[in-house]
Amino acid sequence: MLPCRFCRQNGLSLVLLGLFLAFLAGQIATGFHASNAERRAQGRPPEPMADYLESGHFISATFENWESEFLQMGMYVLLTVGLRQRGSAESRPLDPAREETRIEAGPTPWPLRAGGRWRWLYANSLALAYAGLFLLAFVGHAYGSWIHENEQRATQGQPPQLVTDHMLGAQFWFESMQNWQSEFLAVLSIVVLSIFLRQDKSPESKPLASPHSQTGT
């Protein structure tokens, strides 16, 4: 009975975690084969899975995507504080008087009771968490991309490149920008499409009968 209750109460997180792990496994499997195909084309021997998981090919690709996701979510959290979009389900109401804060019964989080800097940290903890995750992923992407670049340079008989030189180069920023732009396009799509389109019973959609001008859910 308890596992069923736990699954009902945490179903969204569990399904998303399952999808993440499934697609990560798919990325590892296909990336492993793609990397070894590239190595064979270069006249290099294939590498075992354990070595692939430590390679620049895998590390760069993984953290490059995580970096853009955390940037997207963190910026979205911050931008929706002060900016509005008329008619979007993703926007706060245009009129502050229409905003309703619903607080259910329960203990007040201790940072609010402590006040001072703890209250400030708690009040901004979501954005700060995304900023930290973005920085970690950015460093991981830079490290993996640098390793991969030097692996490619070694096959061409070129000397290794310093990580600072790599991060100042076009390739590293091309990898980042191609993901960053797609993430903000995705956010823009839900902001604008939710003005006119509906998905019954989804918290990301306005009620079916709501006018297009209605802002917020």
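**A word on the overall build of the chain**
- Assigned secondary structure in the chain consists of nine helices and zero strands.
- For the chain, the α and β elements follow one another from N to C terminus as α-α-α-α-α-α-α-α-α.
- At 23 Å, the chain has a C-alpha radius of gyration far larger than the 17 Å of a compact globule built from 217 residues.
- Expressed as a percentage of its 217 residues, the buried residues of the chain come to 28%.

**Structural notes on the environment of histidine 166**
- In this structure, histidine 166 sits in helix α8 (residues 163-167).
- Separated by 19 residues in sequence, histidine 166 and isoleucine 147 place their C-alpha atoms 9.7 Å apart.
- Setting aside residues up to four positions removed in sequence, histidine 166 forms contacts with Ala142, Ser145, Trp146, Glu149, Gln161 and Phe172.
- In this structure the side chain of histidine 166 is engaged in a polar contact, spanning 3.5 Å, whose partner is the backbone nitrogen of tryptophan 146.

**Focus: the side chain of asparagine 179**
- Within the secondary structure, asparagine 179 is located in helix α9 (residues 170-196).
- For asparagine 179, a relative accessible area of 12% corresponds to the buried category.
- Looking at asparagine 179, its side chain comes within polar contact range of the main-chain oxygen of glutamate 175, at 3.4 Å.
- Once you skip the residues sitting within four places of it in the chain, asparagine 179 turns out to touch Glu64, Asn65 and Ser68.

**Describing a nonpolar patch on the surface**
- A cluster of nonpolar residues, Leu185, Leu188, Val192, Leu193, Phe196 and Leu197, forms a patch on the protein surface that exposes about 570 Å² of accessible area.
- By secondary structure assignment, the location of leucine 188 is in helix α9.
- You can call leucine 188 partly exposed: its relative accessible area is 48%.

**Some points on the packing of aromatic side chains**
- Applying the stated rule across the entire model yields 13 aromatic pairs.
- Centroid distance phenylalanine 134 to phenylalanine 138: 5.9 Å. Interplanar angle 40 degrees. Geometry classified as tilted. Taken as a pair, phenylalanine 134 and phenylalanine 138 lie in helix α7 (residues 125-155) at a separation of four residues, close to a single helical turn. Take phenylalanine 134 and phenylalanine 138: they sit in the same class, and that class is buried.
- Plain terms: the ring middles of phenylalanine 172 and tryptophan 173 are 5.1 Å apart, the flat faces sit at 75 degrees to each other, and that makes the pair edge-to-face.
- Taking the relative accessible area as the measure of exposure, phenylalanine 172 reaches 0% and is therefore buried.
- One aromatic cluster is present, built from ring pairs that chain together Phe134, Phe138, Phe172, Trp173 and Trp180.

**Some details on α9**
- With 27 residues, α9 should reach 39 Å at 1.5 Å per residue; the first-to-last C-alpha distance of 39 Å fits that figure.
- Taken together, the buried positions of α9 are occupied by Phe172, Glu175, Ser176, Asn179, Trp180, Glu183, Val187, Val191, Ser194 and Ile195.

Each value, and the rule that gives it
- Residues numbered from 1 in each chain as written.
- Predicted model: local features only at pLDDT ≥ 70, side-chain atom pairs only at ≥ 80, totals over all residues.
- Heavy atoms only, no water.
- Helix = DSSP H or I, 4+ residues; strand = E, 2+ residues; numbered from the N terminus.
- Rg over C-alpha atoms; globule rule 2.2 N^0.38 Å.
- Buried < 20%, exposed > 50% of the residue type's maximum accessible area, 1.4 Å probe, protein only.
- Contact = heavy atoms within 4.5 Å.
- Polar contact = N/O pair within 3.5 Å; in protein donor to acceptor, adjacent residues only side chain to side chain.
- Patch = residues over 30% accessible without salt bridge, like charges linked within 9 Å, V, L, I, M, F, W, Y side chains within 5 Å.
- Areas by Shrake-Rupley, 256 points an atom, 1.4 Å probe, with all protein chains shown as cover.
- Salt bridge = Lys/Arg side-chain N within 4 Å of Asp/Glu carboxyl O.
- Phe/Tyr/Trp six-rings, centres within 6.5 Å; stacked < 30°, edge-to-face > 60°.
- Expected span 1.5 Å × (residues − 1).

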